[in-house]
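# What the coordinates show
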Amino acid sequence: MSEINLEEESKDILKAYRSMLRAAKHAKKDTATKKRMKTAFYVAVEAHKNDRRKSGEPYIFHPIAVARICAEEIGLGATSIICALLHDTVEDTEITLEDIEEQFGKKEALIIDGLTKISGVVDNNVSLQAENFRKILLTLSEDVRVILIKIADRLHNMRTIGSMRRDKQLKIASETLFLYAPLAHRLGLHSIKSELEDLSLKCQEPEMFEEIQGKLTKTEEIRKRFIRKFSSPIKQALEKKELAFEIKGRPKSIYSIWNKMVNKDVSFEEVYDLFAIRIIIDSEFENNEKSDCWQVYSVVTDFYQPNIERLRDWISAPKTNGYESLHTTVMSPTGKWVEVQIRTRRMDDIAEKGFAAHWKYKEGGAESQFDIWINQVRELLENSDEDTLDLIGDFKLNLFTDEIYVFTPNGDMKSLPTGASTLDFAFSIHTQVGVNCIGAKVNSKLVPLSHQLSSGDQVEILTAKKQQPKKEWLNFVQTHRAKTKIKSSLNEEKRVVAKEGRITLEKEFKKLKISYENISLKELQSYYKVPSELELYYQVATNNIDLTKLKEFEVRKGILQPKRTITSRVQDYFVQRKSTTSKIKKLKKPILVIGDNMEKLDYQLANCCNPIPGNEVYGFITVTEGIKVHKTSCPNTVQLMSNYAYRIIKASWIDEQEAAFLTGLKIIGIDDVGIVNGITQVISNELDVNMRSISFESHDGVFEGRVMVLVQDTSHLTNLIKNLKKVKGVKKVEQIDK
Ligand code: MN
């Protein structure tokens, strides 16, 4: 064990405190304030003197770092610095709120009280429910600094998360993504929000994170080249106008790239080049800002054709979180839409750092400007006389389920919930457009109807008269409207299809020489295990009911005597062929092993992501439908994993060759109705082997079948042969080569 040099440590602590003060150069520095800060520092040092962080360093480094983030990255003043220095004292040490109030004042005591309470609510709870949000909000309306210091606290914890226990790391990371990053965003702290997201992802998906990071570095040159080429004419023109400016290309953050990859199921290569070009003008504050920005806009659009619908003027009307910028999207010579953000240095600073930047530009000191800002945020959150619960609902809604804005080819704007697809869009235009939708052109690129839309997309729906809604469509839509329309259309379609089913059924009974009137449909329904008459007809029409069993049903009921004619046998044969081929299709599922013991359990492939062999997958134990297999990249994964971690089980595809070998079987028997069914039943259901192909011949009453199957080993094969021999009519089963 290396010995700790306490003297060195004290020096380092003092050093950290001083450099924090230097970073807080904007804070009020009259003698009294300086003294109060110093007192706070010494009180904290004394209170935490016996505490160390998981990394081994003295605990006091943490409050100093939090104070520094408050000052440097959020732009908070002396009061917040004092509170940040003391933020963990009441919770973790002997110091009481009364001590704080006595020594520092009422305001400070209130803020620290808020911080202590939040930490009780948020940090020590397993899940964040609405109730917790309420508490946070109530504290927030007391003093928004509580939230800001808490964000700084969380940022420092995330930056130093490495020394924590893994399970704690994961909890903290997901909570950061769920609560703190959106809060930071809401408060206009853009770079903190991005950093929180990236740090969380790095913790949750370290390999993915590194992969994207590596690829970003590798592709940097390509992006730079594009940006150079794109900006070169703009640069020349702006230089002629003698404007001081900077042009940079901002690639997306690792988190937002990952998010796109997962949500849209696309590869890195399809998103890596998404970036905005930012032109920052060193404009004279307030006097020329607006006109300078529009001048730059005019230069940009002299060279590149703008998409008028995607012009955003947040200079004339800044966003509620203070964001100011002029955005336009223009067509590059390579045919790619490029977003250009035009703003002044001041606007850029504010966009990146939120309030931190204001003090540089406004007179009258940081603290007074800050008060104005606090009031705005508070108003934003209090701007409702409704029930507090409604407010929480709105708050959460705004934080987590933003809307997107998309455009028709004519430039009409539609707002849809985040995650909406082209199909949602189609139904939002007109029911008939939705019903006949076959796909769309999004920003002139052809996409399927399941395509997820993003804000700013221009969508042209493609239709075909013959198109009809399908059941899977329900998985593609978000909006209530689209869902209801699809459902009602499906029912209508079902009724039409069911009519044919009824005709087929009547014919079948006619063949069996049974009058349809004598049939009890109720009994037939329960025999085939369908819930309704409509469903019965529908299943018949869609070939999902084995009509060869009708006889069995009737024989059982004593209506029909088992007596066969040649024609009916031929008929049987074809019906059976039909049903077996469809069965083979179903049986051809590749080998998926589930659970820690790599067992072959029954499973279904999830409709939402349709995994195929080779995909990275996992199993989810559903309540009513057994195990559903999802792709790891399925859009539902995050939600499933975070809410039902205990229902997730391991699953992976294994190479069929590894687990099975292909062999042929020759089956000879007496041609008898049901022999084909019997054989396929044994192969599929009883042993769950994979059937590769099947062929049957029958002459002079002798039946001969050849089946290619995948079996695991010889004992498996012996067992299969044994069971096949038990099928009624089968006389001989032997292994063959082909
Ligand atoms: Mn802390």
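Everything below is about the structure shown above.
Throughout what follows, the structure given in this document is the object of discussion. Given the structure is predicted, the values throughout are model-derived calculations rather than measurements.

## Some remarks on the overall build of the protein
Check the secondary structure of the protein and you find 31 helices and 19 strands. Put simply, 66% of the contacts in the protein that link residues at least 6 apart link residues at least 24 apart. Roughly 39,000 Å² of accessible area belongs to the protein as shown, and the carbon and sulfur atoms make up 50% of that amount.

## Quick notes on the pattern of salt bridges
If you walk through the whole model with that rule in mind, you get 25 salt bridges. Ionic pairing is found between K631 and D265, a salt bridge with its closest N-O pair at 3.3 Å. Pair noted here: K631 is in strand β14 (residues 627-631) and D265 is in the loop between α13 (254-263) and α14 (268-271), with a separation of 366 residues, a long-range link. On the accessibility criterion, K631 (13% relative accessible area) is buried. Overall, D265 belongs to the partly exposed group, its relative accessible area being 45%.

## Some remarks on the sheet that holds strand β13 (residues 617-621)
Consider a sheet: its strands pair through backbone hydrogen bonds, and that pairing is either parallel or antiparallel. Spatial ordering of the open sheet is given by β11-β15-β13-β14-β12, a layout of five strands whose pairing is mixed. Only two strands of the sheet have a single neighbouring strand rather than two, namely β11 (592-594) and β12 (604-605). When β11 meets strand β15 (residues 648-653), the two strands line up antiparallel, connected through three bridges. Counted as the bridge partner of V593 is S652 from β15.

## Description of a positive patch on the surface
Together, K25, K29, K34 and K353 make up a region of like positive charge exposed at the surface. Along the polypeptide, K353 turns up in helix α16 (residues 345-353).

## Focus: the packing of aromatic side chains
If you walk through the whole model with that rule in mind, you get eight aromatic pairs. Their ring planes at 15 degrees and their centres at 6.0 Å tell us that F226 and F230 sit as a pair that is stacked. You can see F226 and its partner F230 sitting in helix α12 (residues 206-240), four residues apart, about one turn around the helix. Owing to a relative accessible area of 2%, F230 belongs among the buried residues under this scheme. Measuring from centroid to centroid gives 5.3 Å for W294 and Y297, while their planes differ by 70 degrees, and the two rings are edge-to-face. Of this pair, W294 and Y297 both sit in helix α15 (residues 289-303), three residues apart, roughly one helical turn. Through pairs of rings, three or more aromatic residues link up here, namely Y17, F41 and Y42.

## Regarding the nonpolar core
Counting residues in hydrophobic clusters, the biggest one holds 60 residues, and the most contacted among them are I64, I81, L85, L86, I149 and I151. Looking at this core, the elements that each hand over two or more residues are α1 (6-23), α2 (31-47), α3 (61-73), α4 (78-85), α7 (106-123), α9 (145-159), α10 (166-186) and α11 (190-204). For this core, the leading source of residues is α9, giving eight residues. Those residues within four positions of I81 in sequence are excluded, and the remaining contacts are M20, A24, A27, M37, A67, A71 and L76.

## Quick look at the pairing of β13
The element β13 is extensively covered by neighbouring structure, given that four of its five residues are classed as buried. Pairing analysis gives five bridges linking β13 to β14, with the strands arranged antiparallel. Within the sheet, the bridge partner assigned to Y618 lies in β14 and is H630. In textbook terms, the turn of a hairpin is the stretch between consecutive antiparallel strands, and for β13 and β14 this stretch comprises five residues, one of which, G626, has a positive phi near 70 degrees. Two strands pair when backbone bridges link them, and β13 and β15 are joined in this way by three bridges, in the antiparallel orientation. Within the sheet, the bridge partner assigned to Y618 lies in β15 and is K650.

## Some thoughts on the sheet that holds strand β2 (residues 275-281)
Here we have five strands laid out as an open sheet, ordered β1-β2-β5-β4-β3, and mixed in their pairing. The open sheet terminates on both sides in strands that have one partner only, identified here as β1 (245-251) and β3 (312-313). Along the sheet, α15 contacts β2, β3, β4 (326-331) and β5 (337-344); its crossing angle with β5, the most-contacted strand, is approximately 155 degrees.

## Overview of the side chain of T33
Of note, T33 is situated in helix α2. The exposure class of T33 is buried, given its relative accessible area of 9%. At a separation of 2.8 Å, a polar atom in the side chain of T33 contacts the side chain of D30.

## Focus: the packing of α11 against α13
In contact at an axis separation of 8 Å, α11 and α13 are set at 60 degrees when each is read in the N-to-C sense. Comparing the axis directions of α11 and α13 gives the class oblique. Across the interface between the two elements, E197, D198 and L201 from α11 touch I254, Y255 and W258 from α13. Partitioned by chemical class, the residues of the contact of α11 with α13 number four nonpolar, no polar and two charged.

## Section: helix α20 (residues 422-429)
With six of eight residues buried, α20 is to be regarded as a mostly interior element. Of all the positions in α20, only T422, L423, D424, F425, A426 and F427 are classed as buried.

## Comments concerning the coordination of the manganese ion
The manganese ion binds to the protein through H62 (NE2), H87 (NE2), D88 (OD) and D153 (OD); the donor distances cover 2.2 to 2.4 Å. Here the donor residues of the manganese ion are spaced in sequence according to H-x24-H-D-x64-D. Of this pair, D88 sits in the loop between α4 and α5 (89-92) while D153 sits in helix α9; the two residues are 65 residues apart in sequence, bridging distant segments of the chain. Taking the relative accessible area as the measure of exposure, D153 reaches 6% and is therefore buried.

The rules behind the values
- Residues numbered from 1 in each chain as written.
- Predicted model: local features only at pLDDT ≥ 70, side-chain atom pairs only at ≥ 80, totals over all residues.
- Heavy atoms only, no water.
- Helix = DSSP H or I, 4+ residues; strand = E, 2+ residues; numbered from the N terminus.
- Contact = heavy atoms within 4.5 Å.
- Areas by Shrake-Rupley, 256 points an atom, 1.4 Å probe, with all protein chains shown as cover.
- Salt bridge = Lys/Arg side-chain N within 4 Å of Asp/Glu carboxyl O.
- Buried < 20%, exposed > 50% of the residue type's maximum accessible area, 1.4 Å probe, protein only.
- Pairing = 2+ DSSP bridges.
- Patch = residues over 30% accessible without salt bridge, like charges linked within 9 Å, V, L, I, M, F, W, Y side chains within 5 Å.
- Lys, Arg positive; Asp, Glu negative; His and termini not counted.
- Charge placed at Lys NZ, Arg CZ, Asp CG, Glu CD.
- Phe/Tyr/Trp six-rings, centres within 6.5 Å; stacked < 30°, edge-to-face > 60°.
- Core = buried A, V, L, I, M, F, W, Y, C linked by side-chain atoms within 4.5 Å.
- Axes fitted to C-alpha atoms, helices over the stretch in contact; angles between N-to-C directions.
- Polar contact = N/O pair within 3.5 Å; in protein donor to acceptor, adjacent residues only side chain to side chain.
- Parallel < 35°, antiparallel > 145°, perpendicular 65-115°, else oblique.
- Nonpolar A, V, L, I, M, F, W, Y, C, P; charged D, E, K, R; others polar.
- Donors = N, O, S within 2.8 Å, 3.2 Å for Na, K, Ca; no water.

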